[in-house]
Amino acid sequence: MISHRHRDLPFFAYASEKSVRIDAHSHDFFEFTYIVAGSGRYCTGLGGGRFTSNDIIVTPPADVHSFVSDRGITHRQISIAVYPDLIASLRIGITPSRIAQLLGSCSRISIPDAKTLFLPLFNSLHAEFSCRAKHAASVIRLDVGKLLLLIDRANASPTDITGRLCTIDDVAVKQAIVFIEEHRAERNVMQALAAASGLPKRSLAARFKKATGLSIREHLLHVRLEKSRELLTRTDMPIGHAAYESGFSDIGLFNRQFKRHTGMSPREYRRRHAVK
């Protein structure tokens, strides 16, 4: 098992600007990796999935996992190692077990405003750890606390879209996000959105992509999957009903998309994360 513990602070940070291949291994810390540029695949004993620019891959202690970036494209990442005792010492109401419960085994965080919310924190953590200037340990503790709070916010309430709206200036895009949130379970939500916006489809699609970094379909899928995660963990609703209530009319498609994005089946996800 890999360990990077330092005597003065249970934390480590590094950056890479080349393609990487990391064979199956485990470690004694939480690892948070921000994909600045590039794409690839991560794998665990429970499955795996794809990652792309501005995703965050989180791996809990003792989880056996591997990581490989796609060849032939620019790849840049920033990784930080946070030890459970550092998390516990922050006293911000988020414990190591809370992070593990939220994220499960090697989870991918993908939200529209990740570049605005998370990248500055990863850059700051890497810079502070590398330079070790005066008060670096205190700044690192503050940044780690903020990172964990933002991750908790992103996972705790899938229906709360305030975080996604606060950094978007385009009114039409804000209205589209609200519309998708309110109508995600409707079969023809894409057509209804186009009609409600009053804009040409191509124009709305281009503005949405520019403001959020996602296509409208990608965002709709994200919202539906987040709703399904909420229903699976907070209710005893049958999996098929949870899929339907989230907006999936095809249970096979739901199962495939859910496993692709979480690394596990809906049944396994419920078993690991159900709120007791």
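(A) Representation of the overall build of the protein within the structure. For the protein, the helix and strand inventory stands at 13 helices and 9 strands. Within the protein, residue pairs in contact and separated by at least 24 positions form 73% of the contacts whose partners lie at least 6 positions apart.

(B) Main features of the sheet that holds strand β8 (residues 76-82). Pairing is antiparallel in the open sheet, where 5 strands are placed in the order β1-β8-β3-β6-β9. Edge positions in the sheet fall to β1 (11-16) and β9 (107-109), since each has one partner strand and no second. Sheet twist, expressed as the average angle between the axes of neighbouring strands with direction ignored, equals 20 degrees. Where helix α4 (residues 119-131) meets the sheet, its contacts fall on β1, β3 (30-37), β6 (56-59) and β8, and the angle it forms with β1 comes to roughly 110 degrees.

(C) A look at unusual backbone geometry. The phi torsion at asparagine 54 lies on the positive side, around 70 degrees, for a residue other than glycine. Here asparagine 54 falls in the partly exposed class, since its relative accessible area comes to 24%. A positive phi angle, near 55 degrees, is found at arginine 132, a position not held by glycine. Along the chain, arginine 132 turns up in the loop between α4 and α5 (136-156).

(D) Examining helix α11 (residues 239-246) more closely. Those residues of α11 lying buried are Ile239, Ala242, Ala243 and Ser246. Taken around the axis of α11, the buried residues stretch over an arc of 100 degrees, which confines them to a single face. In α11, those exposed residues whose orientation departs by more than 90 degrees from the buried face are His241 and Tyr244. The inward-facing, buried residues of α11 abut α10 (216-234), α12 (251-262) and α13 (266-273). Within two residues after α11, glycine 247 carries a phi angle of roughly 115 degrees, on the positive side.

(E) Here's a closer look at the nonpolar core. Counting 35 residues, the largest nonpolar core has Phe11, Phe32, Ile80, Phe118, Phe122 and Val144 as the members making the most contacts within it. Among the secondary structure elements, those contributing two or more residues to this core are β1, β3, β6, β8, α1 (84-90), α4 and α5. Among the elements that make up this core, the one with the highest residue count is α5 (6 residues). With sequence-adjacent residues up to four places away left out, isoleucine 80 is seen in contact with Phe11, Phe12, Ala13, Phe30, Glu31, Phe32, Phe122, Leu125 and Leu147.

(F) Region of the structure containing the confidence of the model for the protein. Per-chain confidence: the protein averages 83 in pLDDT, with 86% of residues scoring 70 or above. Long-range and interchain partners of residues 157-163, a stretch whose pLDDT sits below 50, account for 13 contacts in this model, where long-range means more than four residues apart.

(G) Structural view of the pairing of strand β7 (residues 65-69). By the alternation rule, side chains of β7 split into His65, Phe67 and Ser69, which are all buried, and Ser66 and Val68, of which none is buried. Judged from the 3 bridges that link them, strand β2 (residues 21-25) and β7 form a sheet pairing that is antiparallel. Residue arginine 21 lies in a different strand from β7, and its bridge partner there is valine 68.

(H) Seen up close, the packing of aromatic side chains. Summed over the entire model, instances satisfying the criterion amount to 10 aromatic pairs. Put simply, the rings of Phe11, Phe12, Tyr14 and Phe129 pair up and form one aromatic cluster. The ring of phenylalanine 129 has arginine 132 lying over it, and the distance from NZ or CZ to the ring centre is 4.4 Å.

(I) Structural detail: the environment of alanine 185. Here alanine 185 lies in the loop between α7 (171-183) and α8 (189-197). Relative accessible area serves as the criterion here: at 41%, alanine 185 is assigned to the partly exposed category. Separated by 60 residues in sequence, alanine 185 and glutamate 245 have C-alpha atoms that sit 6.0 Å apart. With sequence-adjacent residues up to four places away left out, alanine 185 is seen in contact with Tyr244, Glu245, Ser246 and Gly247.

(J) Main features of the packing of α10 against α12. Packing of α10 against α12 brings their axes to within 11 Å, and their N-to-C directions diverge by 90 degrees. As the angle between them shows, α10 and α12 are arranged roughly perpendicular. Contact with α10, carried on its side by Leu221, Leu225, Ser228, Arg229 and Leu232, involves Phe254, Gln257, Phe258 and His261 of α12 and no other residues of that element. Its residues assigned to classes, the contact of α10 with α12 shows 5 nonpolar, 3 polar and 1 charged.

(K) Examining the pattern of salt bridges more closely. All told, the structure shown has 6 salt bridges when counted by the stated rule. We note a salt bridge from arginine 207 to aspartate 170, for which the minimum N-O separation is 2.9 Å. Of this pair, arginine 207 sits in helix α9 (residues 201-212) while aspartate 170 sits in the loop between α6 (162-165) and α7, and the two are 37 residues apart along the sequence. The salt bridge partner of glutamate 268 is arginine 271, with a shortest N-O separation of 2.5 Å. On the criterion of helical spacing, the pair formed by glutamate 268 and arginine 271 is a turn pair, its members being 3 residues apart in helix α13. Residue classification places arginine 271 among the exposed residues on the basis of a relative accessible area of 57%.

What counts, and at which threshold
Residues numbered from 1 in each chain as written. Predicted model: local features only at pLDDT ≥ 70, side-chain atom pairs only at ≥ 80, totals over all residues. Heavy atoms only, no water. Helix = DSSP H or I, 4+ residues; strand = E, 2+ residues; numbered from the N terminus. Contact = heavy atoms within 4.5 Å. Pairing = 2+ DSSP bridges. Axes fitted to C-alpha atoms, helices over the stretch in contact; angles between N-to-C directions. Buried < 20%, exposed > 50% of the residue type's maximum accessible area, 1.4 Å probe, protein only. Arc of directions from axis to C-beta. Core = buried A, V, L, I, M, F, W, Y, C linked by side-chain atoms within 4.5 Å. pLDDT = per-residue confidence, 0-100. Phe/Tyr/Trp six-rings, centres within 6.5 Å; stacked < 30°, edge-to-face > 60°. Lys NZ or Arg CZ within 6 Å of the ring centre and 35° of its normal. Parallel < 35°, antiparallel > 145°, perpendicular 65-115°, else oblique. Nonpolar A, V, L, I, M, F, W, Y, C, P; charged D, E, K, R; others polar. Salt bridge = Lys/Arg side-chain N within 4 Å of Asp/Glu carboxyl O.

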